[in-house]
Amino acid sequence: MKKYGVNDLRRMYLEFFESKGHLAMKSFSLVPHNDNSLLLINAGMAPLKPYFTGQEIPPRRRVTTCQKCIRTGDIENVGKTARHLTFFEMLGNFSFGDYFKEDAIKNAWGFLTEELKLPKEQLYITIYNDDDEAHDLWRKITDMPEERILRLGEKDNFWQMGETGPCGPCSEIHIDRGAEHACNHPDGCALGVCDCDRWLEIWNLVFMQYNRDENGVMTPLPRPSIDTGMGLERITSVMQNVNSNYDTDLIYPLIEKVEEISGKQYDKGADGFPFRVIADHARSCTFLICDGVLPSNEGRGYVLRRILRRAVRLGKSLGIEGPFLYQFSAKVADMMGEDYPELLD
């Protein structure tokens, strides 16, 4: 399996879907446009909601993006697990009433196994309990063995935009990172049972085919759509054969910057927690401020303030005194400015 740099993977993904008739759109701002339901963009499909709901006409019925996202709901896990981040990039391909399950599965499988050449024997699929159509398509398109297709419930494999509105079953692609990543779950370390770093979800295919009303009744959509998402940091960790997002060429240079400023050596275990948090939070602060968010006591400004203060506090735990995060912003701009020129501006 060839090792790719993060910039190569970002480009390969967008070019692959352009070759399949998708319009490659630039990342939208982290600040939502005409959407009061979100403080910040937290998923690849979030800026595209008007196209899914029919409020706006998409520039093309097939679109692909690499969208910058912020999530802080599980901020306490950042730096503790291999995969949690506050800032991340979500690769996505979308169909607004054009292709549906078969092409979504065919494209995902083709990119992972033909373009990236991931070993098929390490890939596993989860589907919604009663989605027999997805099950049969996975079998037909990929020859995936029956025992590697798992049926899971609504919590894991059903997606909806809100309490009402467009929704549908989803199908996730997971990779087995190997027994060395296994946990000690009382029911055994297995996909669908535990949530450890052995079974890494790399891609989620959402089959948006119903509309749910206030009474919970679901009716088929006249034009079913596709919403997919694959975390760039996660697939980069797989392709670079490293144990966590923090060991990739996307984040590790920022950890080295923490070493330089603090004069302390990074430890990949629990003692490296402050290094990982500062590296992640520095990316979040840089992109948020770049998109016009400033620290405040409310709203999205408070989200930034909380992230910034947390990074400063952990910097102090490493003996760093005085302002230092600005140095990371310059580093982030240097690393990511080619794909996000607004950082350089």
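Not measured: the values here are computed from a predicted model. (Residues numbered from 1 in each chain as written. Predicted model: local features only at pLDDT ≥ 70, side-chain atom pairs only at ≥ 80, totals over all residues. Heavy atoms only, no water.)

Brief notes about the packing of helix α8 (residues 273-290) against helix α10 (residues 325-336)
In step 1: Running from N to C, α8 and α10 point in directions that differ by 75°, and their axes come no closer than 9 Å. The angle between the axes of α8 and α10 places the two elements in the roughly perpendicular class. Facing α8, whose interface residues are I278, A282, R283, T286 and F287, α10 presents L325, F328, S329, V332 and M336. (Axes fitted to C-alpha atoms, helices over the stretch in contact; angles between N-to-C directions. Helix = DSSP H or I, 4+ residues; strand = E, 2+ residues; numbered from the N terminus. Parallel < 35°, antiparallel > 145°, perpendicular 65-115°, else oblique. Contact = heavy atoms within 4.5 Å.)

Looking at helix α7 (residues 252-262)
In step 1: Buried within α7 are the following residues: L254, I255, K257, V258 and S262. Buried residues of α7, viewed axially, fall in a sector of 150°; they line one side.
In step 2: Turning to α7, the residues buried within the fold contact α8 and α10.
In step 3: One or two positions beyond α7, positive phi appears at G263, with a value near 75°. (Buried < 20%, exposed > 50% of the residue type's maximum accessible area, 1.4 Å probe, protein only. Arc of directions from axis to C-beta.)

Observations concerning the pairing of strand β4 (residues 123-128)
In step 1: Within β4, 6 of the 6 residues are buried, which leaves the element mostly enclosed by the surrounding structure.
In step 2: Side-chain alternation along β4 places L123, I125 and I127 on one buried face and Y124, T126 and Y128 on a second face that is also buried.
In step 3: Where β4 and strand β5 (residues 149-152) come together, 4 bridges link them in parallel fashion. Across the sheet, I127 pairs through a bridge with R151, a residue of β5.
In step 4: Taken together, β4, helix α4 (residues 132-142) and β5 form a β-α-β motif whose crossover is right-handed. (Pairing = 2+ DSSP bridges. Right-handed = clockwise from strand over helix to strand, strands pointing away.)

Overview of unusual backbone geometry
In step 1: Its identity as a non-glycine residue notwithstanding, D143 has a phi of 60°, on the positive side.
In step 2: Within the fold, D143 resides in the loop between α4 and β5.

Side note on the pattern of salt bridges
Two side chains that carry opposite charge are able to pair once their charged atoms sit near each other.
In step 1: Scanning the model with the defined rule gives 23 salt bridges in all.
In step 2: Ionic pairing is found between E76 and R310, a salt bridge with its closest N-O pair at 3.7 Å. With a gap of 234 residues between them, E76 in the loop between β2 (62-70) and β3 (87-95) and R310 in helix α9 (residues 299-317) connect regions that are remote in the sequence.
In step 3: For E76, a relative accessible area of 45% puts it in the partly exposed group. (Salt bridge = Lys/Arg side-chain N within 4 Å of Asp/Glu carboxyl O.)

Quick word on the packing of α7 against α10
In step 1: Where α7 meets α10, the closest approach of the two axes is 11 Å, and the angle between their N-to-C directions is 150°. As summarised for this structure, α7 and α10 are arranged roughly antiparallel, according to the angle between their axes. Crossing of α7 against α10: the hand is right-handed. Of α10, the residues touching α7 (which contributes P253, L254, K257, V258 and I261) are Q327, F328, K331, V332 and M335.
In step 2: Here the contact of α7 with α10 is built from residues that sort into 7 nonpolar, 1 polar and 2 charged. (Left-handed = near helix turned anticlockwise from the far one by under 90°. Nonpolar A, V, L, I, M, F, W, Y, C, P; charged D, E, K, R; others polar.)

Looking at the environment of P58
In step 1: With respect to the helices and strands, P58 occurs in the loop between α2 (49-53) and β2.
In step 2: Sequence separation between P58 and L48 is 10 residues, and the spatial gap between their C-alpha atoms is 8.4 Å.
In step 3: If near-sequence neighbours (up to four positions away) are discounted, P58 is found in contact with Y51 and F96.

Topic: the environment of E342
In step 1: Structurally, E342 is set in the segment after α10.
In step 2: Judged by relative accessible area, E342 falls into the partly exposed class, the value being 28%.
In step 3: In sequence terms E342 and C290 are 52 residues apart; their C-alpha atoms lie 7.0 Å from each other.
In step 4: Apart from residues no more than four positions distant in its own chain, E342 is found in contact with K68 and C290.
In step 5: Side-chain polar atoms of E342 contact the side chain of K68, separated by 2.6 Å. (Polar contact = N/O pair within 3.5 Å; in protein donor to acceptor, adjacent residues only side chain to side chain.)

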